[in-house]
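Results of the structural survey
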Amino acid sequence: MTDIAKFISNLQITYDSGFGDDLAKDFYSPCLENCTQYKRFTGDFTSNVIFDWGKALTKIIERNDGQCIVKIIANPNLLEDDLQILKETLDPKVKERILENHLENLIDEAEDLINKDLEQKKIREVKLKIFAYLIVSKKLIIKFGFPKHVDRANVFHTKRGVFYFDNNLKVAFVGSSNETHGGHHANVESIDVYHNLDNENKHLNKAEERFDLAWQGHAPGFDTVRVREESLKKLKSYAPKNIKKF
């Protein structure tokens with residue numbers, strides 16, 4: 001069992017992939033693996049980030065306490081594949097079929113995905129299968145931010161998050177990285193890290209407070225919209241990029 005206090009105390013105050021850090025391996029994946037919940041503001045989100053969740057992915061799939069593990073508020077611009085999954089999983093019959101059938105072999109497939117033991121032609125299929133299961137099981141809930149803070153507002157671009165652990169311990173971060181494969185691994189990105197191990201941290205408290213307000217739809221500068229048929233019509237999409245690098 002991981003000593004959470006020790007784990008948090010060993011985290012760096014800054015992670016910067018331009019200076020030798022691997023944000024996915026060194027920070028995101030171990031935090032996600034050990035946390036009880038993850039709240040995340042992100043500009044872009046793509047299901048390709050699943051490749052970088054590492055061992056945390058199987059832990060999330062295996063959890064059966066009925067609690068949401070990952071909550072994301074993202075910019076409403078998705079990969080075509082991801083948008084299609086969100087549309088399909090609105091259908092109650094599709095949800096039922098996924099919950100009944102997807103757990104079979106899903107853990108093994110997730111481990112193969114993490115360990116890069118899948119044939120190239122199976123990578124996309126398995127990734128989307130896992131993404132669909134996370135959505136319908138409500139282990140991953142995504143909402144979208146639509147800016148309204150100024151006339152002709154541009155995009156939702158906030159990037160910060162909070163990890164929750166046992167014993168009321170928390171770790172927050174703010175920085176440049178999105179919840180994407182690029183943000184976790186492929187890009188040069190940096191984040192600053194805060195925790196409440198020794199005492200209350202104002203940066204952490206503010207990140208938590210603002211996420212909770214936004215999740216409930218009370219952010220003054222943007223609307224937070226959940227996934228439903230009418231809201232998906234407002235989302236933009238773009239073609240999936242080549243995933244051979246994974």
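Residues numbered from 1 in each chain as written. Predicted model: local features only at pLDDT ≥ 70, side-chain atom pairs only at ≥ 80, totals over all residues. Heavy atoms only, no water.

1. Remarks on the overall build of the protein chain
- Each helix and strand counted, the protein chain has 10 helices and 10 strands in total.
- In terms of overall dimensions, the protein chain is globule-like: its C-alpha atoms have a radius of gyration of 18 Å, near the 18 Å expected for 246 residues.
- Projected onto its principal axes, the C-alpha positions of the protein chain cover 50 × 45 × 35 Å.
- Counting the 246 residues in the protein chain, one finds 52% classified as buried.
- For the protein chain, restricting intrachain contacts to residue pairs at least 6 apart in sequence, the fraction spanning at least 24 positions comes to 77%.
- Carbon and sulfur atoms make up 45% of the accessible area of the protein chain, which totals about 12900 Å².
- Side-chain charges of the protein chain comprise 37 positive and 38 negative groups, with the mean position of each set lying 6 Å from the other. (Helix = DSSP H or I, 4+ residues; strand = E, 2+ residues; numbered from the N terminus. Rg over C-alpha atoms; globule rule 2.2 N^0.38 Å. Buried < 20%, exposed > 50% of the residue type's maximum accessible area, 1.4 Å probe, protein only. Contact = heavy atoms within 4.5 Å. Areas by Shrake-Rupley, 256 points an atom, 1.4 Å probe, with all protein chains shown as cover. Lys, Arg positive; Asp, Glu negative; His and termini not counted. Charge placed at Lys NZ, Arg CZ, Asp CG, Glu CD.)

2. So, the packing of aromatic side chains
- Considering all chains together, one arrives at 15 aromatic pairs under this definition.
- Each member of the aromatic cluster is reached from another via a ring pair, and the members are Tyr15, Phe27, Tyr28, Tyr38, Phe163 and Phe173.
- Note that Lys143 overlies the ring of Trp215, its terminal NZ or CZ placed 4.2 Å from the centroid. (Phe/Tyr/Trp six-rings, centres within 6.5 Å; stacked < 30°, edge-to-face > 60°. Lys NZ or Arg CZ within 6 Å of the ring centre and 35° of its normal.)

3. So, the sheet that holds strand E7 (residues 170-175)
- Spatially, the eight strands line up as an open sheet ordered E1-E8-E7-E6-E2-E3-E5-E9, and their pairing is mixed. The open sheet has two edge strands, strand E1 (14-16) and strand E9 (222-226), and neither has a second partner. Across the sheet, the axes of successive neighbouring strands diverge by a mean angle of 15°, strand direction being ignored.
- Where strand E5 (residues 140-147) and E9 come together, five bridges link them in antiparallel fashion. Within E9, the position partnered with Phe144 by the bridge is Val225. (Pairing = 2+ DSSP bridges. Axes fitted to C-alpha atoms, helices over the stretch in contact; angles between N-to-C directions.)

4. Structural notes on the packing of helix H4 (residues 80-88) against helix H7 (residues 120-136)
- Where H4 contacts H7, the axes come no closer than 10 Å and their chain directions differ by 40°. Between H4 and H7, the crossing angle belongs to the class labelled oblique. As H4 runs across H7, the sense of the crossing is right-handed. Across the interface between the two elements, Asp81, Asp82, Ile85 and Leu86 from H4 touch Arg124, Leu128, Phe131, Ala132 and Ile135 from H7. (Parallel < 35°, antiparallel > 145°, perpendicular 65-115°, else oblique. Left-handed = near helix turned anticlockwise from the far one by under 90°.)

5. Quick word on the nonpolar core
- Judged by nonpolar contacts, the single largest core of 60 residues is most densely connected at Phe27, Ile130, Leu134, Phe163 and Phe165.
- Residues contacting Ile130, with those up to four places away along its chain left out, are Ile50, Leu57, Ile61, Leu106, Ala110 and Leu113.
- By size, the runner-up hydrophobic cluster in this structure holds eight residues, among which are Ile73, Ala214, Ala219 and Phe222. (Core = buried A, V, L, I, M, F, W, Y, C linked by side-chain atoms within 4.5 Å.)

6. Comments concerning helix H3 (residues 55-62)
- Within H3, burial applies to Ala56, Leu57, Thr58, Ile60 and Ile61.
- Against helix H2 (23-34), strand E3 (70-74), helix H6 (106-114) and H7 lie the buried residues of H3.

7. A short note on the pattern of salt bridges
- In total, this model carries eight salt bridges according to the counting rule given.
- The salt bridge involving Glu179 is made with Arg40; its shortest N-O contact spans 2.7 Å. Here the residue Glu179 occupies a position in the loop between E7 and helix H8 (181-186), and Arg40 occupies one in strand E2 (residues 37-42), the gap between them amounting to 139 residues. Each member of the pair, Glu179 together with Arg40, is buried. (Salt bridge = Lys/Arg side-chain N within 4 Å of Asp/Glu carboxyl O.)

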